[in-house]
Structure formats: structure tokens, C-alpha cells
Amino acid sequence: MLELLDRKLPDELSSTSKGLTSAEARKRLETDGENRLAKKKRNTVLKIFAGQFHDVMVMILLAATVISVVLGQYADAVPIVLIVVINAVLGFVQEYRCEKTLEKLESMTAPTARVYRDGRLVKIPAAEVVAGDVFQVEAGDRIPCDGYINSAKALSCDESALTGEAVPAEKRARVSEVDFTALNKDYMVYMGTVVTKGTGEMTAVATGQRSQMGRVSTMLEEIEEPDTPLQRKLGELGKTLAIICIAVCIIVFLAGVLRGEPVLDMVMTGITIAIAAIPEGLPATVTIALALAVRKMLKRQALVHRLHSVETLGCATVICTDKTGTVTMNKMTVTDIYTCTERENEYTFSDSDPDGEGVFSADGQKLMSWESPDLSRIMLCGAACNNAKLSQPEICRKRNRGGKPSKFCADGDPTEGAILCACAKAGISVDNLGYRRLDEQPFDSETRSMTVDCADEAGKKISFKKGSPDVILKECGYAFSSKGEALPMTGVQRIAIAAKNDFYARKGLRVIAFSQKTDDRWIFLGLMSMKDPPRPEAKKAVAECERAGIKTVMITGDHKLTAAAIAKEVGIMKENSLALTGEELDRMSDEQLGGVIESCRVFARVTPAHKLRIVKAFKNRGHVCAMTGDGVNDAPAVKEADIGVSMGISGTEVTKQAADVILLDDNFATLVNSVEEGRTIYQNIRKFVRYLISCNIGEVVTMLGGIIMGLPMVLLPAQILLVNLVTDSLPAIALGLEPPERSVMKKPPRKEDDSFFSGGLMWRIVIRGLLIGICTLASFTVLLRSSGSLETARTGALVTLVLSQLVHVFECKSEEKNLFTVPYLSNPFLLFAVAVSAAALFAGICLPILQGVFSTCIMTAGEFALSAGAALLVPLAAGIFSGRKKSENLIVCRDTQ
């Protein structure tokens, strides 16, 4: 038996005590280690830095440098080594920051556990759970470790990950000494399995690799996240360009040797052209850009679980969102109570005094619960069938942002908290009801109700239930008379209850029904309606989706009329939109659903199975679907969606693990912001790919064109590497940080199968690259003839090539604007990157120590003006031409109108 399991658990860890002290937990954590399975090792700082030199081209370049040193050509070796090291440092900084960002994301999405420490129930990272901890679980939780069950209420666990058994296993409390090391035991829970129903309290007996899951996966390594589709596409593009560039390098080498150039010089030239021209860093640059976008999204309360979802977010055409807490504020307040005796009684709570005690009858009389038997019964049921806890007044005051004293607030589920506060306002002593709870059937999405079995002080048993009005009403056959007798419910009463339910629902109120069971008869008690106002930002977010060509669909378990009222208020439901219930979905075939799905904006009274079917229906129509979820049974639909979104506050652990994105504030507007960020990062990746490849083409054209034209070597290897250093690193990364363009959410979503170079991007890249090369060659040729100095001509060509690229980076800020209309000040980091690159260029030209390294010289004002003019000629001409073209188009449009 394993060492941990040999340890005899302390007596105080029975189900009646509350776990370990913090000191004992720390001691055991040091002894047994963290509660983790085998995990892949992180890259060390040294390994990340060394990885910068693993590129084949860099290794070849370093080998050639060694040969230069051996041959005594130190002047060639020093600048190459210097630039390779600087490039390595820049690459290291970017990769290290990327690694740290991903580590932070992993820690934020790590599972948690609710354990008793020092007698208090606290939430801690699951990795800190130790043997002997007493922990609680509920539906949707992932079991943090192996443990025996102290108490359980309708508890079932999905153990298929461990046993392969698809049917959830029912669990019970331990009743005697048992074998804690055994598998498939109904008194044990196992690490990594999922609670599908019920609640329970357990004592941990095995953690980490000592658990059953740990035993079968001791050799397990975490699977690395695969490359995103965009990374794969750009990786393939990079390979294709590499083959072309290597062919060009071979041609340059052979042509130079045939012309009589020194072989070593031509080898170095060919290699440096390859280093400058091959975009081998494209996939890595995409990773860095995605990681930076993820960090930015985190600041806006969206935690990205998987990198690929950042890309997919920009393609979303449908967002399926929950109502409660996502579109609404999830701040429930009971507004009305309806009871049904021989006559209807309706009570309201004061809007003007939310902390006032008492409720008001239809005639305006203020009442406490004990003054009305029917009011007392529904309030007693609401307090008994409830797991929320009233908070202390001082805690309520702290929660109130306005600082106004607040008398009533509760911890727990918002709906239950609202009911409990209403009971307290009505005078119910919620902490001393006079009933002892015997058992509980927790709320789940299938039964849509919660039941508690209790006994009064005399031992008489009674059950209380709350839930969906249609479910409660269907189960109840009786209602109380004014004399307190349980009489069979009449058809008129049922019609009146259903009508009142619809009346509340049309007002956008959430309705809960209550009943009690005595003498094996379920007796209807009444209805409570509560308001949950829409989030102020929801309407604006829905309108933004509409402009962006994204359909917003509300999916909720609430009443159809309630959902439709809220959907209309925030703009989800239009005049000709449809609202369907789960029952209506059940009567429809997949073909029929596919025929109407485009018109549906609200799905009400749905189960998780319905959610999965809705997602599939949208995907079958060609939509890219984002789906929000919070419950354990939502996980299949969240996983099936193109973008699975979990709630950070109300979401269960299993749903968070299945999701691509977690909304830390449960806010629909945050999801819309994430879509905007997804579109923006895709645009930004297009921008820096356009920039990098254009510049690479320009460098290749410069070198190859010089050979073909019979000119001397246009740029030396060290100069080419200087160009690579000042133009390929900082400006490219800075383009990945461009803020969203104003039009980003005014365009329809792109299709997932669209080419990355759609919209004529490839032609722009090729033509601009050719023009950069031609302008550089022109500058070199003119200066060579006018000055007669090869050093001056090369310096001028260097200036033209670098400035062309630094000007082009501003052209790449937008695919819609030109050099005269782009917002230059919108990205300070780009301005900084261009300034640093320009400073590096001028340092290489003006500083005597660097002049010798890079074979440059000081030019006259006229020579510099010529070089700079050649760099500015094409972008200025392009800007004037495009501006004139847009003006002509505008005139044509006005004439047409």
C-alpha cells in the first residue's frame, strides 16, 4: 500500500469535525507535495535563450563566422556575431514574456476546491488539497482528490474518465471501516471525476500521483496545445517562401562566384540573404501576438483558455447567451407574492423602501407573515427550502457601493438569496424555523425543482419544494382553504395560477412556485415573482453585434414570456423573431428546426440536451457559433460550439474546463468585447505578415537585382543583418498591438475557410516588396554614378531600404486608409519601435566605431536627401493616388444619389 494510505487519519477528521488547521495542512503539503498528476517541465530561462540559436540558418551563419575568424577576417565576423546576439536577446524577451503569460493563464484556469481550514469553509487551488482535508462538492464540480464520503445528498459522479463506465455512479456515505485503495466503491469519490448531481462532504485520503487517477497516469505528460489553424497556415507559407528564398540564395551565390567574387564572401552573402528573407519566425510571431492579445483580453475580464479561440472569436456569426447574470444583472429582488386559497391574495414589496419590513396587501395594508396564514405558509416554505445564508448588517453595508445602510443581503445563489431576504422582511425568523432538515434533493436542470424533507419539533415529517411553476403546478393536487384545510385544487384555480404566472412573465419577472407535502399530498402554496434588471451595457452590446453581422440568441430555463420580455428590452428579439420552448423543440424534427432556426431569437424552458441540439442546428446552417454555459450539463454544448464560453462567477468547474473563454464577470458585453478583440488580433496579424513579407521580398529583390544588373554587391552581409535587426523585430511586434479600427465591428464576420491573403493582400505584398527593392537599387545606382564611392552607394542603399520599410510599417496600420489618413498616434509602441529602429540605423551610419563595423560613411545632405526621397517616393505616390481614387468614388456616389 502507498505511504500516504498507510497513514491513519486523525479521529478529528470525521464528518462531524471540520478538517485540518492551516498549520497541519502546510506541513502535509511539504511532506506529500502538491496535488497534481505528472506534468511536463517548464522551459528554464537558459533553455529559452539557448533556443534562440537553434534555428538552422543562425547555426549556419555562426559556423560561417567561425570560418571567418579562422581565416583572420575579423571585420566580417564581429558585426555578424553582434547582430545575432542582439536578435537572440530580443527573441528571448518576447518568448519569455509569452511563456509567463501562458503560465498565468494556466494558473488562473486551474481547478479549485472548497475545503475546511481552521473550521471555516474556504476555496483554495485544488493543488493545495492534502490528505485529511474535509471538502465539499456539488453538481458541476470536478473531484480534487480521492476521498471517502462523510455525507451525501442524491450524489452521483461521472467516473467514465477512470472506469470507462458511461452511466453516472450513485454514491452514499461511508458507514464503516473500508478499503480506501479500492476502485468502483460507492462510498468513495475519485480524483478527476465529475459530480453530475447532488451534494456531498468528503475526507481526502489520496492526492496527486497517489490517487487512483495518479496511479494509472504516473507517466502521463500534459499534451501540448497544438498550433492554431493560422499558425499552421503561416508555417506552411513560411516553408514555401523558404524554398524560394534558398533557391534565390543559390542563384546569388553562383552568380557572384561566376563574376569573380570571393567564394567566402558569397557564402556569407547567400546565408545572410536567407536569414533576412526567410520568414521562419512567422508562427512564433503569431504566438507572441496571440499571447499579447490574451493578456489584453484578460484586462477586459475575458480569460482565454485556448489560444486558437482568439482567432475563432473573430469568425463568430451567432452568439447563444444565457439570460440570468449574463444579459441581466443577476441581482434578484422579490416584487410580488401570489397565494391561492378560495380567493386570490396578492402581496407586494415596497420599491421605495427596499429595506423596509413587511409586505403590502392588495388594499395597501402592511402585513407581517404571522398576520396572514397563506403568506406565512409560502414564506416558511421559501426559508426552509433554501441554502442561502443571511449576512450580517455590517457586511451588507460594505457590499452596498453607495454606502447606504442595507439591512438585508444573503450569501449563496442569487435567487435563493432574494427569497430568503423576502422571508426575513416578512418577519420569518430564518435562523430558527422550528424544522430540522432530514434530506435534500438539490435543484437540477431535469427536475427544475428543489425539495427538502424536514421534521418539526414533534417529529412530524413535512416536505417543502420550490421550482418552475409548470412543474410544481403539475405535481400539486391540493390547495389550502381559508380555514387551513387541504382541498382538491379546482380547474378555475389552475387557470388563475397559470394566468398570474403569465402576467408576471410578460413583465419580464422571474417566477418561482412553492408547495409543501403533508400526509403524502402535495399542496400548492403560491408564486413569488422577482425582478432581475438587464445590465445597462447589454442593449448597446446587442446593437453592436447587429452592426457586426452577428446574431444574438437568448437561451434560458426561464418562462417563455419572461425571456421574450427581457429579449425585447435589450434588442435581441425583433418584430418577426420567434421564441420557442423546450417542449416545442421536442415536437420538431432536426429538419424542421433547421428551417426556422434563422428566425429564432429566444429559446425558453430548455434543458442542456436542447442546448446541444440548438448548437448543432446553427452549425449545420454554416454558422460559427459561440455558446455560453454555467451548469455541469452545459459542458457538452459548450464543447460542441465553435467557441465555448463559461461563466467565471456562476460557472461550474467542469464547464470552465470545457470552455475556450471564461467570462470573469459573467457579462454579455464582455463576450462582445472578446469578439472585437478576436477580429482585431486577426487584422493585426494580417498587418505584420504584410509588413514582414513585403520587407523580405524587398531585400531579396535588392540583392538579386544587383547581381542580374551586373552591379557590385549592393549590401554587405553585415548591412543586411542590420536591416534585419532594425526592421523585422520591434516594428512587427508593435503592429500586433494596434488598437481596434473603428470599422472592425461594422463588417460582417469573415469565413473560417477564407484565405489569409483574401482581399488582394498577397498582391499588395508582392507589389510593395518589388517597389521597395527597385527604389533601393535606384538609390544605389544613382549614388554610385554620382559619387563614385561604393561605400557611399551602399550607405545610401541601406538608408533607402530601412526607411522604405519604416515608412511602410505605417501603411500597414490599415488596409482601408493610406499614408495620409492613418492615425499615427494611436499606437505609442509602434512610434517607439520606429524611433528605436531609426536611431539604430543612424547610429550605424554616424558613429565612427559602428562605421567600421558596418562599412558605412557619412553622406552629404544631398546624398541623404536622394536616399530618403527614394524611400518616400512610392508611399507618397500611393497615398496621393488612393486619396484621389476615393474622392472620385465619393463624387460618383453623390452623383448617383
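Residues numbered from 1 in each chain as written. Predicted model: local features only at pLDDT ≥ 70, side-chain atom pairs only at ≥ 80, totals over all residues. Heavy atoms only, no water.

(A) Region of interest: the overall build of the chain. For the chain, the count of helices and strands is 31 helices and 28 strands. The 897 residues of the chain split such that 54% are buried. Expressed as a percentage of contacts within the chain between residues at least 6 apart in sequence, the contacts between residues at least 24 apart total 70%. Here the chain displays about 39,800 Å² of accessible surface, and carbon together with sulfur accounts for 58% of that area. (Helix = DSSP H or I, 4+ residues; strand = E, 2+ residues; numbered from the N terminus. Buried < 20%, exposed > 50% of the residue type's maximum accessible area, 1.4 Å probe, protein only. Contact = heavy atoms within 4.5 Å. Areas by Shrake-Rupley, 256 points an atom, 1.4 Å probe, with all protein chains shown as cover.)

(B) Representation of the packing of aromatic side chains within the structure. All told, the structure shown has seven aromatic pairs when counted by the stated rule. Their ring planes at 75° and their centres at 5.7 Å tell us that Y682 and F756 sit as a pair that is edge-to-face. Taken together, the residues span a long stretch of sequence, with Y682 in helix α24 (residues 668-708) and F756 in the loop between α26 (730-735) and α27 (761-787) at a distance of 74 residues. Here Y682 and F756 have matching classes, each one buried. Ring centres of F810 and Y824 lie 5.2 Å apart, and the angle between their planes is 50°; this geometry places the pair in the tilted category. A residue pair is termed long-range when its members are at least 10 positions apart, and F810 in helix α28 (residues 790-811) and Y824 in the loop between α28 and α29 (828-846) qualify at 14 residues. Judged by its relative accessible area of 10%, F810 is buried. Chaining the aromatic ring pairs together yields one cluster made of Y682, F756 and F757. The positively charged end of R377 is found above the aromatic ring belonging to F480, 4.1 Å away from the centroid. When the ring centre of Y682 is taken as origin, the NZ or CZ atom of R750, which lies over that ring, is 3.4 Å away. (Phe/Tyr/Trp six-rings, centres within 6.5 Å; stacked < 30°, edge-to-face > 60°. Lys NZ or Arg CZ within 6 Å of the ring centre and 35° of its normal.)

(C) Geometry of the pattern of salt bridges. Enumeration over the complete set of coordinates arrives at 29 salt bridges. A salt bridge links E677 to R300; the shortest N-O distance between them is 2.8 Å. Placement of E677 in helix α24 and of R300 in the loop between α10 (282-299) and β8 (302-304) is noted, with a sequence separation of 377 residues between them. E677 sits in the buried class, given a relative accessible area of 4%. Here R448 ties to D470 by a salt bridge, and the two come within 3.2 Å at their closest N and O atoms. Taken together, the positions of R448 in the loop between β16 (435-441) and β17 (449-456) and D470 in helix α15 (residues 469-475) put the pair 22 residues apart, joining distant regions of the chain. Among the charged side chains, a network of salt bridges with common partners joins K296, R300, E676 and E677. (Salt bridge = Lys/Arg side-chain N within 4 Å of Asp/Glu carboxyl O.)

(D) The nonpolar core, seen in detail. In terms of nonpolar packing, the biggest core is built from 112 residues, with I685, F688 and Y691 touching the most fellow members. M379, M450, F464 and A486 belong to the second largest nonpolar core, which has 40 residues in total. (Core = buried A, V, L, I, M, F, W, Y, C linked by side-chain atoms within 4.5 Å.)

(E) Fine view of the environment of E24. Tracing the sequence through the fold places E24 in helix α2 (residues 22-32). Between the alpha carbons of E24 and D118 there is a distance of 9.8 Å; along the sequence they are 94 residues apart. Polar contacts involving the side chain of E24 include one to the side chain of R28, which spans 2.6 Å. (Polar contact = N/O pair within 3.5 Å; in protein donor to acceptor, adjacent residues only side chain to side chain.)

(F) The confidence of the model for the chain, seen in detail. Mean pLDDT for the chain: 82, with 84% of residues reaching 70 or above. Predicted confidence in the chain is weakest over helix α1 (residues 3-6), with a mean pLDDT of 34, and strongest over strand β18 (residues 461-467), with 95. Across residues 218-224, confidence stays below pLDDT 50; counting only partners more than four residues off in sequence or on other chains, it has 11 contacts. (pLDDT = per-residue confidence, 0-100.)

(G) Structural context of the pairing of strand β25 (residues 600-604). Burial within β25 is extensive, with five of its five residues counted as buried. In terms of strand pairing, strand β23 (residues 551-555) meets β25 through two bridges, oriented parallel. Note that in β25 the partner of I555 across the bridge is F603. Across four bridges, the pairing between strand β24 (residues 578-581) and β25 is parallel. Paired with L580 across the bridge in β25 is F603. (Pairing = 2+ DSSP bridges.)

(H) Structural context of the sheet that holds strand β26 (residues 625-629). What the eight strands build is an open sheet, ordered β8-β28-β27-β26-β9-β23-β25-β24; its pairing is mixed. At either end of the open sheet lies a strand with only one pairing partner, and these are β8 and β24. Sheet twist, expressed as the average angle between the axes of neighbouring strands with direction ignored, equals 20°. In this sheet, strand β28 (residues 661-663) lies alongside strand β27 (residues 643-647) in parallel orientation, the contact comprising three bridges. The residue of β28 that forms the bridge with M647 is L663. Sitting on the sheet, helix α21 (residues 608-620) is in contact with β9 (318-321), β23, β25 and β26, with an inclination near 170° to β26. In the packing of α24 onto the sheet, contacts are made with β8, β9, β23, β26, β27 and β28, and the angle to β9 comes to roughly 160°. (Axes fitted to C-alpha atoms, helices over the stretch in contact; angles between N-to-C directions.)

(I) Structural view of the packing of α24 against α27. Contact geometry of α24 with α27 gives a least axis separation of 7 Å together with a crossing angle of 40°. One element, α24, and the other, α27, form an angle in the oblique class. In this structure, the crossing between α24 and α27 has a hand that is right-handed. In contact with R686, V689, R690, I693, S694, I697, G698, V701, T702, G705 and G706 of α24, α27 contributes L761, R764, I765, V766, R768, G769, L770, I772, G773, I774, T776 and L777. Broken down by class, the residue content of the contact of α24 with α27 amounts to 11 nonpolar, eight polar and four charged. (Parallel < 35°, antiparallel > 145°, perpendicular 65-115°, else oblique. Left-handed = near helix turned anticlockwise from the far one by under 90°. Nonpolar A, V, L, I, M, F, W, Y, C, P; charged D, E, K, R; others polar.)

(J) Main features of a nonpolar patch on the surface. A surface patch of nonpolar side chains, amounting to about 500 Å² of accessible area, comprises W763, I767, L770, L771 and I774. Relative to the helices and strands, I774 resides in helix α27. (Patch = residues over 30% accessible without salt bridge, like charges linked within 9 Å, V, L, I, M, F, W, Y side chains within 5 Å.)

(K) Spatial organisation of the environment of T702. As for its placement among the helices and strands, T702 is situated in helix α24. Residue T702 is classed as buried on the basis of its relative accessible area of 0%. Residues T702 and A797, spaced 95 residues apart in sequence, show a C-alpha to C-alpha distance of 9.0 Å. Apart from the residues within four sequence positions on either side, T702 is in contact with V714, G773, T776, L777 and L801.

(L) Structural context of unusual backbone geometry. Of note in the backbone geometry, A154 takes a positive phi value of approximately 50° without being a glycine. Relative to the assigned elements, A154 resides in strand β4 (residues 146-158). One non-glycine residue, R605, lies in positive phi territory at about 50°. Take R605: it is sitting in the loop between β25 and α21. Accessibility expressed as a relative area gives 15% for R605, which makes it buried.

(M) Structural view of helix α14 (residues 414-425). Helix length check: α14 (12 residues) gives 16 Å between terminal C-alpha atoms against 16 Å at 1.5 Å per residue, within 8%. Those residues of α14 that fall on the buried side of the exposure criterion are T415, E416, G417, A418, I419, L420, C421, A422, C423, A424 and K425. Structurally, the start of α14 carries an N-cap: the backbone nitrogen of T415 is 3.0 Å from a side-chain oxygen of D413. G427 sits one or two positions beyond α14 and adopts a positive phi of about 95°. (Expected span 1.5 Å × (residues − 1).)

(N) Representation of α21 in the model. Its 13 residues place the ends of α21 19 Å apart at the C-alpha level, agreeing with the 18 Å of an ideal helix rising 1.5 Å per residue. Those residues of α21 not exposed but buried are P608, H610, K611, R613, I614, V615, A617 and F618. Where α21 ends, the next residue or the one after it, G622, has phi of about 90°, a positive value.

(O) Layout of the side chain of Q212. Along the chain, Q212 turns up in helix α7 (residues 212-216). Judged by relative accessible area, Q212 falls into the buried class, the value being 10%. Sequence-distant contacts of Q212, defined by excluding residues within four places in its chain, comprise D146, L162, T181, A182, L183 and Y190.

(P) Just the side chain of Q493, in detail. Along the polypeptide, Q493 turns up in helix α16 (residues 491-506). With a relative accessible area of 14%, Q493 lands in the buried category. For Q493, the contacting residues outside a window of four places in its chain are C340, T341, A479 and P488.

(Q) How the structure looks around the environment of V596. Relative to the elements of secondary structure, V596 occurs in helix α20 (residues 590-596). By relative accessible area, which is 26% here, V596 ends up partly exposed. A sequence separation of 21 residues divides V596 from A617, and the C-alpha atoms of the two residues are 9.9 Å apart. In this structure, V596 is in contact with L578, L580 and M588, ignoring residues within four places of it in sequence.

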